[in-house]
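Working through the structure, step by step
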Amino acid sequence: QVKLVESGGGLVQAGGSLRLSCAASGSIFGIKAMAWYRQTPGSQRELVATLSSGGNTNYADSVKGRFTISRDDAENTLYLQMNSLKPEDTGVYSCYFDTRLGYHYWGQGTQVTVSS
């Protein structure tokens, strides 16, 4: 059974940094892309960053130059390094894996709160 577990969230002051981790357990075949999403109360889920199986990355305009998505294949872990955090980055961050076989997986989310 595949499970994604995020960690690394917390409370940080504006200008600070956090690194989120998404550890995958179980066997995931044919990963096409991985991503981080975030959601705040009353708003839609927002795509923050994507990483393709080929290593291509894309970022939301609001986080470009501040966030970096990466992976460690040996550890089966996806990361999101977040620097120069702003209060508007506050939300629940979830990781997402998409596969060529049509399966997709979500983590349970980790709360990030940035105080001004």
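Here is what the cut-offs are and how they apply
Residues numbered from 1 in each chain as written. Predicted model: local features only at pLDDT ≥ 70, side-chain atom pairs only at ≥ 80, totals over all residues. Heavy atoms only, no water. Phe/Tyr/Trp six-rings, centres within 6.5 Å; stacked < 30°, edge-to-face > 60°. Helix = DSSP H or I, 4+ residues; strand = E, 2+ residues; numbered from the N terminus. Buried < 20%, exposed > 50% of the residue type's maximum accessible area, 1.4 Å probe, protein only. Lys NZ or Arg CZ within 6 Å of the ring centre and 35° of its normal. Pairing = 2+ DSSP bridges. Disulfide = S-S within 2.5 Å.

Observations concerning the packing of aromatic side chains
By the definition in use, this model includes 3 aromatic pairs. A ring pair is formed by Tyr37 and Trp106, whose centres lie 5.0 Å apart and whose planes are at 55°; its orientation type is tilted. Here Tyr37 is found in strand β4 (residues 31–39), whereas its partner Trp106 is found in strand β10 (residues 104–106), with 69 residues between them in sequence. Among the residues examined, Tyr37 registers a relative accessible area of 19% and is labelled buried. Ring pairing ties together the aromatic residues Tyr37, Tyr96 and Trp106, which thus form one cluster. Sitting over the face of the ring of Trp106, Arg45 holds its NZ or CZ atom 4.1 Å from the ring centroid.

Here we look at the environment of Leu101
Within the secondary structure, Leu101 is located in the loop between β9 (91–99) and β10. For the pair Leu101 and Gly8, spaced 93 residues apart in the sequence, the C-alpha separation amounts to 30 Å.

Some words on the pairing of β9
Burial analysis of β9 places 8 of its 9 residues in the buried class, which makes it a mostly covered element. Pairing between β4 and β9: 8 bridges, direction antiparallel. Bridge pairing links Gln39 to Val92 in β9. Note that β9 and strand β11 (residues 110–115) share 3 bridges and pair antiparallel. Within β11, the position partnered with Tyr93 by the bridge is Thr110. Where β9 meets β10, 3 bridges bridge the pair, whose relative direction is antiparallel. Counterpart to Asp98 in the pairing with β10 is His104.

Considerations on the state of the cysteines
Enumeration over the complete set of coordinates arrives at 1 disulfide. There is a disulfide in this structure between Cys22 and Cys95, and the S-S distance comes to 2.1 Å. The disulfide joining Cys22 to Cys95 has a torsion of about 60° about its S-S bond and is therefore right-handed. Of this pair, Cys22 sits in strand β3 (residues 18–25) while Cys95 sits in strand β9, placing them 73 residues apart in sequence. For the pair Cys22 and Cys95, a shared accessibility class is recorded, and that class is buried.

Don't take any of this as a statement about function, it's just geometry.
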